[in-house]
Amino acid sequence: MQCPKCNARMREVKVKIQGAETLATSYQCGKCGYFDFEEKSINKAINEIKAKESALKIKQKIIKLSHGRLGMYINRDVARSLNLKGGEEVYVSVPDKKHLVVGIGN
Ligand SMILES: [Zn+2]
């Protein structure tokens, strides 16, 4: 595999994509820094991530509480799958403007 920019030989590197099981194959040029994924393997990784997300996705409403606070129910199925009983301390983080992550335990 040759670099499309500088024609140097590119290295084949397996890359771990967050949320995917399969390692994606990438091609990296050591000379000019060109980087590309092999299409078949990156598509496979993307499909794995999508499948995971849809399996865990539940639509819920944010409820209004007193004093301008908001709340969200954790339904029974989610509580059971995470082994939550109520009273646990969790860590809430906001990685970007579209996600709210609740971390359980440390
Ligand atoms: Zn190059």
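Bear in mind that the values here come from a model prediction, so they are computed numbers and not experimental data. (Residues numbered from 1 in each chain as written. Predicted model: local features only at pLDDT ≥ 70, side-chain atom pairs only at ≥ 80, totals over all residues.)

J.: Hey, could you run me through unusual backbone geometry in this one?
T.: Backbone phi values are negative for most residues with the exception of glycine, while trans is the configuration of most peptide bonds. A positive phi is found at Asn7, a non-glycine position, where the angle reads about 65°. Tracing the sequence through the fold places Asn7 in the segment before strand E1 (10–15). (Helix = DSSP H or I, 4+ residues; strand = E, 2+ residues; numbered from the N terminus.)

J.: Hey, could you run me through the pairing of strand E7 (residues 99–104) in this one?
T.: For a regular strand, side-chain orientation follows a simple rule: the groups alternate between the two sheet faces. Among the 6 residues of E7, 0 are classified as buried, and the element is accordingly described as predominantly exposed. Counted along the chain from strand E6 (residues 90–96) to the antiparallel partner E7, the turn is 2 residues long. (Buried ≥ 20, exposed ≤ 12 C-beta atoms within 10 Å, placed from the backbone. Pairing = 2+ DSSP bridges.)

J.: Would you mind going over the domain arrangement of the protein chain with me for this structure?
T.: Much of the literature gives interface size as the accessible area that the parts lose upon coming together. By the assigned domains, the protein chain splits into domain 1 (10–56) and domain 2 (63–104). Taken over C-alpha atoms, the centre of domain 1 sits 31 Å from the centre of domain 2. (Domains from an automatic or database assignment.)

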